[in-house]
Amino acid sequence: MNLATPTWIAGLLACGMGVALLGSVKIALAKRLQMDEARVGGLVSMFGFAMIPVMLAMGFLTDLLDKKIVVIAGSLLMVASLLVLARAVKYWSALIAVLLLSAGWSALVNVLNVLMQSAFGGTQTYAMNLGNFFFGLGAFLTPLLIALLVRRTGFAPALLVLAAFTLLSGVLACGVDFKSLLPPAAAAADPGIGALLSDRIMWLTALALLFYAPMEATMAAWATTYLGDKGMAEGRAATTLSGFWLAFMCSRLATALIVARFPLSAGGDTLLIVGLSILCILVWAGAVFSRGFGTAGAMVVLAGLVFGPTFPTLVGVLMGHVSQDISPVLGGRAVGLFFMVGGIGWSVIPILIGAYARKTSIQRGFLIAVGAAVGLTVTAVALHVTMTSA
């Protein structure tokens, strides 16, 4: 039996859970650690900051070690983080759990992205959008599952259930022949990371992620506050945020199905990124200038539709370029650099938005997100021109 696809689905669901976990348990963890939510919120930020150096380190391990070992180790590190967090009663132990979570998540994400096309087949754009649909599904279901489990079983048992599920990807990976997933050229000589550092497309895709990642993080963090400020009831605002994530997932699945039926021509993937980035500008501008909560809610849901395919298509362009034009043995390091640069934007730009919003309002703070969308558009155009003129 071919266990590659089930392994990828389980791993991507677990990685989606990883990005949503800390935000989902923040209130319960604050009570458990007997401190305010603001300090616990620092743990959420630490996950993103720790990912910046760790992701690159995991990229080297992915390229230099057996990828099966990296996947199993990543799964075990995520399980260990959940076990430590389940027993945490002090801030330092919760911090250790966050660092373990960041390391395990980075290991899994790196290998899963490098071999996504091998696991799901089709083009890079198809495979990345389909795979990241499952990632989004994990992020969407985690808050709902945690709320249910904490209410019925308590904090620690809820995390133990998640730990058991997270272990599944590691167990399934034991039965996967990872060498059969590698392209024949993967046995080629290693040109070293310098080949990536001197590559323009590598830097353009990473810069695009630097501008894109904070837009997704900003909407996820402040959508309900933004809608509340516009006069929307709390329950309806939470439902609208769920609509954002549903649109986010469905647009990824729809993109995968569409490109499977109607394959993109040469340059079509970068042209798609340009179109999505322009739509990002329009959505954020709509959010900034909306007057009533009806228009504001529509912008939140539309943002999900636009954001959904942007990241998968972008990383698909990178992986296709690295495997075909540089060397497939550099896949892990390419993903590591990609996320390292993107992680800077993910961590820093939302802080700037929050600081500006405290002086004005969340709606005015979204002007910085408009700037990020403009930066993404300029970078996407440069990427398209570079790719099509090569």
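Residues numbered from 1 in each chain as written. Predicted model: local features only at pLDDT ≥ 70, side-chain atom pairs only at ≥ 80, totals over all residues. Heavy atoms only, no water.

Asks: How would you explain the side chain of threonine 310 if you had to name every residue and give the values?
Replies: Among the structural elements, threonine 310 can be located in helix H12 (residues 293–326). When residues no more than four places from it in sequence are discounted, the contact partners of threonine 310 are Tyr212, Leu276 and Leu376. (Helix = DSSP H or I, 4+ residues; strand = E, 2+ residues; numbered from the N terminus. Contact = heavy atoms within 4.5 Å.)

Asks: I'd like a rundown of the side chain of aspartate 63, residues and numbers included.
Replies: Note that aspartate 63 resides in helix H2 (residues 37–64). Within the structure, aspartate 63 has its side chain in polar contact with the backbone nitrogen of glycine 332 (distance 2.8 Å). Setting aside its immediate chain neighbours within four residues, aspartate 63 contacts Val329, Leu330, Gly331, Gly332 and Arg333. (Polar contact = N/O pair within 3.5 Å; in protein donor to acceptor, adjacent residues only side chain to side chain.)

Asks: Describe the environment of alanine 334, listing the residues and the values that go with them.
Replies: Note on placement: alanine 334 falls in helix H13 (residues 331–359). On the accessibility criterion, alanine 334 (0% relative accessible area) is buried. Sequence spacing of alanine 334 and glycine 59 is 275 residues, and the spatial spacing of their C-alpha atoms is 7.2 Å. Not counting the four nearest positions on each side in its chain, alanine 334 is found in contact with Leu196, Met202, Leu318 and Val322. (Buried < 20%, exposed > 50% of the residue type's maximum accessible area, 1.4 Å probe, protein only.)

Asks: Explain the packing of H13 against helix H14 (residues 362–389) to me, and be specific about the residues and the numbers.
Replies: Contact geometry of H13 with H14 gives a least axis separation of 8 Å together with a crossing angle of 145°. Classified by chirality, the crossing of H14 by H13 is right-handed. Residues Ile349, Leu352, Ile353, Tyr356 and Ala357 of H13 touch H14, and the partners they reach there are Ile362, Arg364, Gly365, Ile368 and Ala369. Taken together, the residues that form the contact of H13 with H14 break down as 8 nonpolar, 1 polar and 1 charged. (Axes fitted to C-alpha atoms, helices over the stretch in contact; angles between N-to-C directions. Left-handed = near helix turned anticlockwise from the far one by under 90°. Nonpolar A, V, L, I, M, F, W, Y, C, P; charged D, E, K, R; others polar.)

Asks: Tell me what's going on with the packing of aromatic side chains, and back it up with residues and numbers.
Replies: Within the structure shown, the criterion is met by 18 aromatic pairs. Residues tryptophan 105 and phenylalanine 135 carry aromatic rings whose centres are separated by 6.5 Å and whose planes lie at 70° to one another, so their mutual orientation is edge-to-face. Within this pair, whereas tryptophan 105 is found in helix H4 (residues 91–114), its partner phenylalanine 135 is found in helix H6 (residues 124–153), the two being separated by 30 residues in sequence. Pair check on accessibility: tryptophan 105 and phenylalanine 135 agree, each one buried. Judged by centre distance (6.1 Å) and plane angle (35°), the ring pair of phenylalanine 311 and phenylalanine 338 falls under tilted. Residue phenylalanine 311 is found in helix H12, and its partner phenylalanine 338 is found in helix H13; the two are separated by 27 residues along the sequence. Chaining the aromatic ring pairs together yields one cluster made of Tyr212, Tyr226, Phe244, Trp245, Phe248, Trp284, Phe307 and Phe366. (Phe/Tyr/Trp six-rings, centres within 6.5 Å; stacked < 30°, edge-to-face > 60°.)

Asks: Go over the pattern of salt bridges with me, naming the residues and quoting the values.
Replies: Under the defined criterion, the tally for this structure stands at 2 salt bridges. The residue arginine 333 makes a salt bridge to aspartate 63 at a minimum N-O spacing of 2.7 Å. With arginine 333 in helix H13 and aspartate 63 in helix H2, this residue pair connects regions lying 270 residues apart in the sequence. Assessed through its relative accessible area of 15%, aspartate 63 is described here as buried. Salt-bridge contacts for arginine 333 lead to aspartate 190; the nearest nitrogen and oxygen are separated by 2.7 Å. Of the two residues, arginine 333 sits in helix H13 while aspartate 190 sits in the loop between helix H7 (155–173) and helix H8 (194–197), which places them 143 residues apart along the sequence. Here arginine 333 falls in the buried class, since its relative accessible area comes to 3%. Aspartate 190 sits in the partly exposed class, given a relative accessible area of 39%. What emerges from the salt-bridge pattern is a single network uniting Asp63, Asp190 and Arg333. (Salt bridge = Lys/Arg side-chain N within 4 Å of Asp/Glu carboxyl O.)

Asks: Please set out a nonpolar patch on the surface residue by residue, giving values where relevant.
Replies: A cluster of nonpolar side chains, Met46, Phe49, Leu99, Ile344, Val348, Ile351 and Leu352, forms an exposed patch at the surface whose accessible area comes to about 550 Å². Looking at the nonpolar patch, the elements that each hand over two or more residues are H2 and H13. Here the element with the most residues in the nonpolar patch is H13; it accounts for 4 residues. (Patch = residues over 30% accessible without salt bridge, like charges linked within 9 Å, V, L, I, M, F, W, Y side chains within 5 Å. Areas by Shrake-Rupley, 256 points an atom, 1.4 Å probe, with all protein chains shown as cover.)

Asks: Describe the nonpolar core, and please don't skip the residues or the numbers.
Replies: Counting residues in each nonpolar core, the largest one holds 125 residues, and the members touching the most others are Trp8, Leu85, Trp284 and Phe307. Residues in contact with tryptophan 284, not counting those within four places in the same chain, are Met215, Thr218, Met219, Phe307, Phe366, Ala369, Val370 and Ala373. (Core = buried A, V, L, I, M, F, W, Y, C linked by side-chain atoms within 4.5 Å.)

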